[in-house]
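Chain residues, written in single-letter form:
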Amino acid sequence: MIELDGSMGEGGGQILRTALTLSMITGQPFCIRNIRANRAKPGLMRQHLVAVQAAAQVCDAEVAGAAVGSRALSFAPKAIRGGAYRFAIGTAGSCTLVLQTLLPALLFADTPATVHVSGGTHNPLAPPAQFLQRAYCRALTKMGATLDIRLERFGFYPAGGGEVVAHVQPCAQLRPLELMSRGERKAAYAECFIAGVPPGVARRELECVGTGMGWDASQLLVRTLPGEQGPGNALLITLDYEHVIEVFSGFGEKSVRAEAVARHALQQARHYIASHAAVGEYLADQLMLPMALAGGGCFTTARISMHAKTNAQVIEYFLPVSVSFGENGGISTCVMAKR
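Since this is a predicted model, take the numbers as computed values, not measurements.

**Thoughts on the domain arrangement of the protein chain**
Interface size is often expressed as the accessible area that is lost when the parts come together.
Okay, so step 1: Split by domain assignment, the protein chain resolves into domain 1 (1–79), domain 2 (81–175) and domain 3 (185–275).
Okay, so step 2: Distance between the C-alpha centres of domain 1 and domain 2: 18 Å.
Okay, so step 3: Each side of the interface is counted separately: domain 1 has 16 residues, and domain 2 has 17 residues.
Okay, so step 4: Buried surface at the junction of domain 1 and domain 2, both sides included, amounts to about 1500 Å², of which 68% is carbon and sulfur.
Okay, so step 5: Three residues stand out in domain 1 for area buried against domain 2, namely Gln47, Gln57 and Val58, and they jointly supply 35% of the buried area on that side.

Pasting the structure below:
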């Protein structure tokens with residue numbers, strides 16, 4: 001039984017999600033205490049509980065402590081099974097974080113899998129569905145995985161009600177991935193998604209992005225959604241390079257000006273562009289686990305976050321790999337190797 005302390009490092013939900021994924025794949029049971037100890041509301045929230053329940057269903061695990069608010073949990077997996085699954089968070093809790101727990105494991109299932117997750121698809125505390133579709137899937141495809149993610153319905157905070165569907169094919173072995181440079185830029189564009197929100201909000205956000213990035217109208221796209229999917233507003237900036245796709249986001253909130261939403265997304269995108277690194281901070285976090293499963297890989301990023309360092313610690317509990325971080329010319333590097 002691997003014993004984890006949920007207060008280590010960054011002390012958030014990623015410790016639990018990474019442990020669930022790797023426990024399913026390796027067959028090693030684990031227990032964790034002090035779940036999300038460094039958060040304002042420690043313990044399992046609804047989206048974390050659904051991730052636990054979903055993981056348990058996929059591998060017929062024995063679980064103790066699976067309840068909202070629980071700060072301790074044990075998880076003993078059996079074999080990963082493909083098939084059709086449907087999970088409902090019931091709030092605006094993130095569909096994408098539940099999927100990020102399941103997708104790497106389902107690559108090692110006995111048969112193809114289809115997963116429907118309903119809940120939040122666009123909220124400030126998790127990557128939007130398009131990040132999974134464009135950035136995460138692009139990287140996993142380069143590693144030999146076959147998966148498809150479809151956004152069936154938007155679910156904005158606080159109402160939720162969105163739905164994401166993922167199709168995953170079994171993969172005998174992931175290939176190591178090297179992302180040391182992003183390559184030439186092939187496309188760049190901003191999209192403003194609005195539902196039940198005045199059209200002027202989209203116009204103001206996109207004008208701000210256009211000015212800040214020096215883009216023309218063909219790169220500034222309004223995506224109007226059915227009113228019943230709102231109220232909600234998401235601004236996404238997508239940068240498509242030869243070797244990697246990055247997605248940066250800003251989300252409309254009550255009493256927050258459209259220009260402030262745009263500036264938030266702009267700041268992330270411009271910082272990434274100026275860094276000359278291959279991947280951004282959030283994609284860096286998500287690449288570590290599949291690279292470890294592949295037995296090796298490396299990437300450059302603008303900054304190694306505490307989130308990433310904590311993720312590396314959890315990975316090393318489950319897999320015979322070592323994760324090393326360094327810096328060269330102002331760019332951070334992550335190298336994964338077998339030990």
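Following the structure, the description resumes.
**Observations regarding the packing of aromatic side chains**
Okay, so step 1: Enumeration over the complete set of coordinates arrives at seven aromatic pairs.
Okay, so step 2: Relative to Phe318, the ring of Phe30 lies with its centre 6.2 Å away and its plane at 80°, an arrangement referred to as edge-to-face. Taken together, the positions of Phe30 in strand E2 (residues 30–33) and Phe318 in helix H8 (residues 306–318) put the pair 288 residues apart, joining distant regions of the chain. An identical accessibility class is assigned to Phe30 and Phe318; each is buried.
Okay, so step 3: Over the aromatic face of Tyr241 sits the side chain of Arg182, whose NZ or CZ is 5.1 Å from the ring centroid.
Okay, so step 4: Directly above the ring of Tyr272 sits Arg182, whose terminal nitrogen or CZ lies 4.1 Å from the centroid.

**Topic: the sheet that holds strand E6 (residues 113–119)**
Okay, so step 1: Ordered in space as E5-E6-E8-E7, the four strands form an open sheet in which the pairing is mixed. The two strands at the open ends of the sheet, each matched to only one other strand, are strand E5 (83–88) and strand E7 (147–153). Between one strand and the next, the sheet's axes are offset by a mean angle of 15°, whatever the strand orientation.
Okay, so step 2: Bridge count for E6 against strand E8 (residues 162–168) is seven bridges, and the pairing is antiparallel. Note on E8: the bridge partner recorded for Thr114 is His167.
Okay, so step 3: Contacting E7 and E8, helix H4 (residues 129–142) runs over the sheet at an angle of about 175° to E7.

**A closer look at the sheet that holds strand E1 (residues 2–5)**
Okay, so step 1: The sheet built from four strands is open, its strands ordered E1-E2-E4-E3 with mixed pairing. A single partner strand is all that each edge strand has here, and the edge strands are E1 and strand E3 (62–64). Mean inter-strand twist for the sheet, computed between neighbouring axes without regard to direction, equals 10°.
Okay, so step 2: As paired strands, E1 and E2 are joined by four bridges and run parallel to one another. When the bridges of E2 are listed, Glu3 appears paired with Cys31.
Okay, so step 3: On top of the sheet, helix H2 (residues 46–59) reaches E3 and strand E4 (72–76); it is set at about 15° to E4, its chief contact.
Okay, so step 4: Sheet contacts for H8: E1 and E2; angle to E1, the most-contacted strand, approximately 170°.

**Points about the UniProt feature "domain: RNA 3'-terminal phosphate cyclase insert" (unreviewed entry) in the protein chain**
Okay, so step 1: In this numbering, the UniProt entry assigns the feature "domain: RNA 3'-terminal phosphate cyclase insert" (unreviewed entry) to residues 181–274.
Okay, so step 2: For residues 181–274, the end-to-end C-alpha separation is 13 Å, with 34% helix and 35% strand making up the annotated structure.

**Comments concerning the nonpolar core**
Okay, so step 1: Membership of the largest hydrophobic core comes to 115 residues, with the highest contact counts inside it found for Phe30, Leu102 and Val209.
Okay, so step 2: Non-local contacts of Val209, meaning those with residues more than four positions away in its chain, are made with Ala190, Gly214, Trp215, Leu220, Leu235, Ile237, Ala262 and Leu266.

**Topic: helix H6 (residues 258–275)**
Okay, so step 1: Here H6 spans 26 Å end to end across 18 residues, near enough to the 26 Å set by a 1.5 Å rise per residue.
Okay, so step 2: Tucked inside the fold, the buried residues of H6 contact helix H5 (199–213), strand E12 (232–241), strand E13 (245–251), helix H7 (281–294) and strand E16 (331–338).
Okay, so step 3: A positive phi of about 65° marks His276, the residue just after H6.

**Re the pairing of E12**
Okay, so step 1: Across the ten residues that make up E12, a large majority, ten, are buried.
Okay, so step 2: Burial of the side chains of E12 extends over both faces: Gly232, Ala234, Leu236, Thr238 and Asp240 are buried on one face and Asn233, Leu235, Ile237, Leu239 and Tyr241 on the other.
Okay, so step 3: Note: strand E10 (residues 185–195) against E12, ten bridges, orientation antiparallel. Directly across from Ala188, in E12, lies its bridge partner Leu239.
Okay, so step 4: In this sheet, E13 lies alongside E12 in antiparallel orientation, the contact comprising seven bridges. Residue pairing in the sheet places Asp240 in a bridge with Ile245 of E13.
Okay, so step 5: Between E12 and the antiparallel strand that follows it, E13, lie three residues.

Parameters and conventions
Residues numbered from 1 in each chain as written. Predicted model: local features only at pLDDT ≥ 70, side-chain atom pairs only at ≥ 80, totals over all residues. Heavy atoms only, no water. Domains from an automatic or database assignment. Contact = heavy atoms within 4.5 Å. Buried area = accessible area lost by both parts, 1.4 Å probe. Phe/Tyr/Trp six-rings, centres within 6.5 Å; stacked < 30°, edge-to-face > 60°. Helix = DSSP H or I, 4+ residues; strand = E, 2+ residues; numbered from the N terminus. Buried < 20%, exposed > 50% of the residue type's maximum accessible area, 1.4 Å probe, protein only. Lys NZ or Arg CZ within 6 Å of the ring centre and 35° of its normal. Pairing = 2+ DSSP bridges. Axes fitted to C-alpha atoms, helices over the stretch in contact; angles between N-to-C directions. UniProt positions renumbered as here; feature names shortened; annotations may be inferred. Core = buried A, V, L, I, M, F, W, Y, C linked by side-chain atoms within 4.5 Å. Expected span 1.5 Å × (residues − 1).

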